[in-house]
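Next come the chains, spelled out residue by residue.
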Amino acid sequence: MVRRNFEFYKNEKNEWYLNLPEWNGDPEDLQMVEGADKWLDLVSNNVSTVKLTLSDKQFDSAEVLTLLRIREENFGGGGIYFLKSYQDKEVGLKLWLCEVTKFVFNAIPQKIYFSKL
């Protein structure tokens, strides 16, 4: 089981990034795009930083992202996830979480549970 707290932040161009000091790859790999930015806008209430607990196992008061499919490596890897609802409101948001997801969880989880800190 993996359960960690993460900080996401917007830069001066209004682009979301994951703060992951142990990442040795390209810093651009930490940019949240293709729906992940919309997810962070939603959970942050449109502020410039948000801290989330993410886990591959259910925990109290967690929301859930469900894997739709694993994305091919030549298209950035990772997984396409679906957020059906957030805080009991229908959302229907598809988002991509890149190969950094595999680095964090040692796999592409079927479900990622999250809550705002």
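Residues numbered from 1 in each chain as written. Predicted model: local features only at pLDDT ≥ 70, side-chain atom pairs only at ≥ 80, totals over all residues. Heavy atoms only, no water.

Caption draft 1: Just the pattern of salt bridges, in detail. On inspection of all chains with the given rule, the structure shows five salt bridges. Salt-bridge contacts for Arg71 lead to Glu34; the nearest nitrogen and oxygen are separated by 2.9 Å. Here the residue Arg71 occupies a position in the loop between strand E5 (63-70) and strand E6 (79-86), and Glu34 occupies one in the loop between strand E3 (31-32) and helix H1 (36-44), the gap between them amounting to 37 residues. Salt-bridge contacts for Glu99 lead to Lys102; the nearest nitrogen and oxygen are separated by 3.9 Å. Exposure remark for Glu99: the relative accessible area of 29% places this residue in the partly exposed category. (Salt bridge = Lys/Arg side-chain N within 4 Å of Asp/Glu carboxyl O. Helix = DSSP H or I, 4+ residues; strand = E, 2+ residues; numbered from the N terminus. Buried < 20%, exposed > 50% of the residue type's maximum accessible area, 1.4 Å probe, protein only.)

Caption draft 2: View of the pairing of E6. Two elements, E5 and E6, share four bridges in a ladder whose sense is antiparallel. When the sheet's bridge partners are listed, Arg69 is paired in E6 with Ile80. Pairing of E6 with strand E7 (residues 89-97), which is carried by seven bridges, proceeds in the antiparallel orientation. Residue Leu83 lies in a different strand from E7, and its bridge partner there is Leu93. Connecting E6 to the antiparallel partner E7 that follows it, the hairpin turn spans two residues, and Gln87 within it adopts a positive phi of roughly 50°. (Pairing = 2+ DSSP bridges.)

Caption draft 3: Structural view of the environment of Pro109. Mapped onto the secondary structure, Pro109 falls in the loop between helix H2 (100-105) and strand E8 (111-116). Beyond its immediate chain neighbours, meaning those up to four positions away, Pro109 contacts Asp56, Leu67, Tyr81 and Thr101. (Contact = heavy atoms within 4.5 Å.)

Read these as layout, nothing more, since geometry by itself doesn't imply function.
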